[in-house]
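# Summary of the model geometry
Here's the letter readout for the chains.
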Amino acid sequence: MFDTAIANSKSAREAARALRGKVRATLQAELAKPEPNLAAVAAAADAAHEEGSLLRKSVRTEWLALYAQFSPEQKAIVRDLLTHPDRLDHPPHHDFSSP
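Within any chain, residue numbers begin from 1 and follow the written order of that chain's sequence. Note on the predicted model: pLDDT of at least 70 is required for a residue's local features to be given, and 80 or more for side-chain atom pairs to be given and counted; whole-chain, interface and lining totals, by contrast, use all residues. Side-chain descriptors were evaluated using all non-hydrogen atoms of the structure, hydrogens and water having been removed beforehand.

By salt bridge we mean one thing: a side-chain nitrogen of Lys or Arg within 4 Å of a carboxyl oxygen of Asp or Glu. All chains considered together, the criterion is met by three salt bridges. Between Glu14 and Arg17 there is a salt bridge; the shortest N-O distance is 2.6 Å. In this pair, Glu14 and Arg17 are both assigned in helix H1 (residues 2-31), three residues apart and thus about one turn of the helix distant. Only protein chains enter the area calculation, which uses a 1.4 Å probe; residues under 20% of their type maximum are buried, those over 50% are exposed, and those in between are partly exposed. The class for Glu14 is partly exposed, based on a relative accessible area of 46%. Arg79 is the salt-bridge partner of Asp80, the closest N and O atoms lying 3.1 Å from each other. Of the residues examined, Asp80 reaches a relative accessible area of 30% and is grouped as partly exposed. Under the scheme used here, helices are H or I runs from DSSP no shorter than 4 residues and strands are E runs no shorter than 2 residues, and both carry numbers assigned from the N terminus.

Below you can see the structure in the form of structure tokens.
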């Protein structure tokens, strides 16, 4: 489940990057015209925002489902890391393989 969440997170990040690229391409194409259609740019940005929001929610749901399966000890580790984000730079090794 963890590996799937990681893979889906990476996939969503790449999809979001592609969405931003489409918006930039639309903007560049419109700005190259004598009379740019800014409504087309806004529509492309809105569509990218909507799709990106769906991707983020999907990935978040997956991570929350994984978190729900953690033991109390594992949840405490997550709490501590979220309470002290500076520890994310060099987190101690924890075995998350056992639920």
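A separate point is the side chain of Glu62. Mapped onto the fold, Glu62 is located in helix H2 (residues 38-68). We note that Glu62 is buried and unpaired, the nearest opposite charge coming from Arg60 at a distance of 11 Å. Any pair of residues with heavy atoms lying within 4.5 Å of one another is described as a contacting pair. Once you skip the residues sitting within four places of it in the chain, Glu62 turns out to touch Thr4, Ala5 and Asn8. Charge counting treats Lys and Arg as positive and Asp and Glu as negative, with His and both chain ends excluded.

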